[in-house]
Amino acid sequence: MAFITANWNPLGEAFYRKTELYEMCWSLKDGLRDSLVAAAPYGGPIGITRTRTHVKKTHMSRCVSDFALSPPAAVLREPLRRSPSSRPQLEIFSSSGVSIASFPWKSGPVVQLGWTVSDELLCIQEDGSVLIYDLFGSFKRHFSMGQEVVQSQVLEAKVFHSPYGTGVAIVTGSAKFTLATNIDDLKLRRLPEVPGLQGKPSCWLVLSQDRQTKVLLANGPDLFILDNTSCTAVCPPGLSPQAGSIVHMSVSFSYKYLALFTDTGHLWTGTANLQKKLSDVETKRSTKPKQMVWCRRPQSQQPSVVLMWDRLLLVAGVCNDTIQFPIEDLCVLVGELDGVRIISSTNQELLQEVPLVCQDIFKIASMAPGALLLEAHREYEKSSQKADEYLREIKEQSMLGEAVRQCVEAAGHEYDPSTQKSLMRAASFGKCFLTDFSPDAFVTTCRELRVLNAVRDAAVGLPLTHTQFKQMTVQVLIDRLVYRQFYPLAIEVCRYLKIPDYQGVSRVLKHWASCKVQQKDLSDEAIARAVCVKVGDSPGVSYSHIAAKAYECGRPELAIKLLDSEARSGEQVPLLLKMKRSQLALSKAVESGDTDLVYTVVSYLKNEMNRGDFFMTLRNQPVALSLYRQFCKLQEQETLKDLYNQDDDHQELANYYVTASYREKRLESRLSLLQSAVDEYNKAKNEFAAKATEEEMRLLRFQRKLDDEKGAGLLGLSLQATMEALLALGLHKQAEQLYRDFRVPDKRYWWLKLKSLAEKEEWDELEKFAKSKKSPIGYLAFVEVCMKSNNKYEAKKYVSRVTPEQKVKAHLAIGDLEGAADAAIERRNESEMGAVLSRCAASDRLLIEKLNRAAAAKK
Amino acid sequence: MAAHLSYGRVNLNILREAARKELREFLDKCAGSKAIVWDEYLTGPFGLIAQYSLLKEHEVEKMFTLKSGRLPSADVKNIIFFVRPRLELMDIIAENVFSEDKMHTPRDFHILFVPRRSMLCEQRLKEQGVLASFINIDEYILDLIPYDGDLLSMEYESAFRECYLENDQTSLYHTAKGLMTLQALYGTIPQIYGKGDCARHVSNMMLRMKREFAGSQNQILPVFDTLLLLDRNVDLLTPLATQLTYEGLIDEIYGINNGYVKLPPEKFAQKKQGEASKDLPTEPKKLQLNSAEELYAEIRDKNFNAVGAALSKKAKIISAAFEERHNAKTVGEIKQFVSQLPHMQAARSSLANHTSIAELIKDITTSEAFFDNLTVEQEFMTGVDTDKVNTYIEDCIAQKDPLIKILRLVCMQSVCNNGLKQKVFDYYKREILQTYGYEHILTLNNLEKSGLLRPQTGSRNNYPTIRKTLKLWMEDANEQNPNDISYVYSGYAPLSIRLTQVLARPGWRSIEEVLKMLPGPHFEERQQLPSGLHKKRQQGENRTTLVFFLGGVTYAEIAALRFLSQMEDSGMEYIIATTKLINGTTWIKSLMDRPESQTP
């Protein structure tokens, strides 16, 4: 513990430390010499290829973009010329040097390797084509940086990252720059020419600023910015012309800071927009560094630039102070968010500024609360009463909370598990003396550290710092684990961090299953079983997604098997359609209950099949059939008819003809449609409907005839309305005829005639009619209808003929209270007496008495 | 403004807020000023979710009704179509888009499908060549709309027709989806009961969807204990009967649409002093009816015969409250009185409104025609002479009373007789065709298909058994101080509600026989709750049941359920959901087919 500061080196006011991450598992024959190396940040994979066959030309990029690494420049001095027949090997390693893939490079000479944000390897070839491989070395796709490049050849290339994704920039033999900001949405941009530039510039890099991607390049002492439209000469503030030619440049992780190195050994640092100078450092080294990388961390005390020469690593702080580390072997520097990883052929180290909180705790003789707490805990473990003294001291300053926080935070920054532990124990110890202290930070840090320690393991090889982990988020970490096929670990992490299944375990299983179905050595049966056992009904795992993968790999049978396990019928449908299993798709759509989906499949089938097959298919799916009928009702009346026809659904067919008949203007066509309806109703054994429709036809013909003869305007009226109209026109005979022909019930006809005569005030006719035979509707109706026409005189005529039960009502209707009273009394009906009473005014005193007496008598 | 939604046992305002949030999110997706083009059918339901003010806050400057031709000019950046996914509407939209003035600065088009987007419609837009003109095509999942503190409706008008006539189960899919949304907000409902084919289908879909979304389910303590799904065709009788509650009668006579009723204006003329009521308003008076209005909440579920007494009691209380001012002596008392004034004035105007409405209704309920009609209905319900041609119906046809009234009565007779004798059946049909026109053969056919009007088939009439077992007819219904749900129809206890009541106590096992006589299967399902979400019930705490009526529910049935909720010893609170709020008239109307005649 006492030696924690042993590897600390002061730089200005801050300290820098180098922590060993791994002893590399690889055994590279020639070290990193003569190789193209690309190592991705965030502990990403490393891609290496020997540069034997194509190093005839002297062009390896010298400056390091922030993300991908260029090969060591050493290659340039001793180009190995072997026979072109020996192919170089492309190798992919994990960060810890575990081999992931290795295969002979069969394509053209590679100029540059680089990794995309999603861990895909880009191999940029001399002819401008870019080949994309996945982590396991399988070829994904390729694209070209332009046809003209085939001639002029790529001299140098860079892979860079911006908010738009991963980009590629090249400079060609004819000194032209081309760049693509996002390789997933390829748009090539040719940048304007640089005046006076022959061949490649002495150094260059890609800047991503204000949503614009530009190239910064140096040609001797001159510095230019190339954007879409123009080439502008720029001058960094405070860089004297005597400083010499710029031979190397580097921009920071965030594109915020820039470092320029000149051939006089002068190092200029400033902001990347060239507005402000930070510092000038004289390195007193005129040779060009092999690599130059910014070393910063968020909230950096002392940002610096790390330069590497053959046997020396120089950390040049912005404060003009420097640290020198001798190195024995050729190394590769990888810029990270919060430091620089140094990869050599034997080991890997992390160089970073010591975080402030670690300084506070571990600095010799520090009196920071965290330091005191750590000390207190140490004494406590020794059962020494000093523990109490230290604790008291912290408490007196009421800094215990702060002390705990410091310990927790520092633990996060430490790489060594035993240091982490002692810090966490101290924090836990301190926490005991606090009452309302939120344990969240402590618990979270504990969990995250366990996860980080697990993924840092050499077998996994993701040397993430806590800061990087926070930046990349746990979701991305899980994705990366999944991508590297560490499925069990990923699942453990999800479970341990209690990530909801949806974003956690399920997602891992989904990837696992998608990978599993690609295993060629297993039978469909075995894979389906394995997948179903593992995945079970884990929430959020889409079997159709897995099945789609299987189908893509040319295993339709497996796809079908997997689809069976899909709970969401709806999800299965698109794939089934794609696989031309339309019948199955239809039944799955029906099963889902989603009618829109059924419609979709139906309309698909309609286009795919001939009509006969289509109808047959529908016939087996009643739900789909009725939906299609609905659709036809609204959209394709003719098809509807065919559907009914094929199903021998005579009833519906008849209804269809009836509906159709109303759309016809001409009577003849209307009648012929109705005749069809009658035929169909007969076939459907719907005697009633057939007869009714025949009646309708008869009525129509009758109406047409009278319309022609008398201009009666009857067509389209109902039978009742027709008779009504006839009576109104005085065509009694014709009305009678209809009454008889259509066997209209007497009651209805009497009502009709009664009302019609009253309306026309043909009172004699009415009386005659009343006497023609016994009224089927009684005579109260006569009384009431007459009263409606305000003819009391006529109404009275019928009162005597009203049945006894309705007498009271009839008398009341004509306003004859006395008659009503008599009738009620005669019938000894209490409620009728009540009804009469309620109509009596106060002046009808005699009548009221009479009624009351009668009522009393009854009681 | 929607506070009344949160007063009930279940805070339905959560649902409304969720819907509003989604609406705001969509509107914000279309940056800049906007005009909304409405599918007219949607404006009513949307009014219950968001007023114009909300839309205005999100830069909605104009609103139009969707119609063919050119869109009205509006200086806005976005045009948003709010439509149901129907093909005929797509054609209109396409026409709108095509006739857009190319000279003007182009406007951005968006579509919001309610309640769900449809591939079929998008396909149609594609065929019309306008699909690419739309920047956003989205769906607004509005399945269940909160109508009141205990009432949800989908306002899916054609649900019954589609399910029972056309075998189109789209509405059931939406129902299942809506229930899933509800469960996402209020927790998984542990018990599901159901009766009927549609209920079975919905329940199956729900269970399937639950499996599909397993794991994403939220950890919410279940608010509902039970879900009861009831097919409308299990109880075809109830909606046919004339509702006799206050709210039921308002709906029967004037029709309540999306919580609003339009009334004849005469009774509501403002009588200002000195001014003769010379200019009577001609616009119908539009009133919103919900439990936010204290008085309405009090009287709406009463039998109409008890409303008069309630109103006069209220009148006395209010005038007594106004009299208080004479007793107010100190400044403090006066201040207190003044502070209550707005509330009292609102109460007074509410009282005036309802007194007017009650008078309007009373004119109708005391008429002979109403009485005769009711008498016949009650005869049918008690099983009197249901196997003969009914004289009253005959007379009504002869008088050419409205066809829907006739159909309601005839269907009722058929339902109460388990189908009509062939002779009676044919007689009625013939009378209807001859009187109202032969085109109604299609409507009659529909009624027959949906089981409302049918000939008797071999089996015996089991309606009397059902009536007796379930006590559907109560001789001495107490309208003033009811002790049984039968008060809502002055004697008839709605079958659907009896089933609900029996389910709660003593359980359906006691009526297996009757359940078998009613159409469709009855079933029970359980949904597993995540451990830790099992409710620890307090002593005496009521259970909550969500009753979902597939195919519609009437206000009288709702009143009966509210009555059950309030009964002290029931131990059950009911929340009501439905595909559509219906009454006999709107229901029959939805089943009618009217071919458009070309001949004049």
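Data block above holds the structure.
Described in the following lines is the structure provided in the data block. (Residues numbered from 1 in each chain as written. Chains lettered and ligands numbered in written order. Predicted model: local features only at pLDDT ≥ 70, side-chain atom pairs only at ≥ 80, totals over all residues. Heavy atoms only, no water.)

**Describing the side chain of T578(B)**
Residue and element names in this part refer to chain B. Along the chain, the position of T578 falls in strand 15 (residues 572-578). By relative accessible area, T578 is classed as buried at 0%. At a separation of 3.1 Å, a polar atom in the side chain of T578 contacts the main-chain carbonyl oxygen of F549. (Helix = DSSP H or I, 4+ residues; strand = E, 2+ residues; numbered from the N terminus. Buried < 20%, exposed > 50% of the residue type's maximum accessible area, 1.4 Å probe, protein only. Polar contact = N/O pair within 3.5 Å; in protein donor to acceptor, adjacent residues only side chain to side chain.)

**Remarks on the nonpolar core**
Counting 302 residues, the largest nonpolar core has L23(B), F81(B), F82(B), I93(B), F134(B) and L499(B) as the members making the most contacts within it. Broken down by element, this core gets its largest block of residues, ten residues, from helix 16 (residues 403-416) of chain B. Those residues in contact with F134(B) that sit more than four places away from it in its chain are F81(B), I93(B), V97(B), F109(B), H110(B), I111(B) and L125(B). Counting residues in hydrophobic clusters, the runner-up holds 34 residues, among them A175(A), V215(A), A218(A) and A272(A). (Core = buried A, V, L, I, M, F, W, Y, C linked by side-chain atoms within 4.5 Å. Contact = heavy atoms within 4.5 Å.)

**So, the pattern of salt bridges**
Per the counting criterion, the structure on display carries 73 salt bridges over all chains. The closest approach of N and O atoms between K760(A) and E762(A), which form a salt bridge, is 3.5 Å. Using a relative accessible area of 32% as the deciding quantity, one classes K760(A) as partly exposed. Of the residues examined, E762(A) reaches a relative accessible area of 25% and is grouped as partly exposed. Its salt-bridge partner being R20(B), residue E17(B) comes within 3.8 Å of it at the nearest N-O pair. Taken together, the residues span about one helical turn, with E17(B) and R20(B) both in helix 1 (residues 13-29) at a distance of three residues. Taking the relative accessible area as the measure of exposure, E17(B) reaches 34% and is therefore partly exposed. For R20(B), a relative accessible area of 15% translates into the label buried. A single salt-bridge network, built from bridges that share partners, covers D148(B), D150(B), E247(B), R300(B), D301(B) and R562(B). (Salt bridge = Lys/Arg side-chain N within 4 Å of Asp/Glu carboxyl O.)

**Looking at the sheet that holds strand 5 (residues 89-93) of chain A**
Residues and elements named next belong to chain A. Pairing is antiparallel in the open sheet, where four strands are placed in the order 3-4-5-6. Either end of the sheet is taken by a strand with one partner, and the two such strands are strand 3 (35-39) and strand 6 (99-104). Here the strands of the sheet are splayed against their neighbours by 10° on average, with no regard to which way each runs. By the bridge criterion, five bridges tie strand 5 to strand 6 in an arrangement that is antiparallel. Bridge pairing in strand 6 links I92 to A101. (Pairing = 2+ DSSP bridges. Axes fitted to C-alpha atoms, helices over the stretch in contact; angles between N-to-C directions.)

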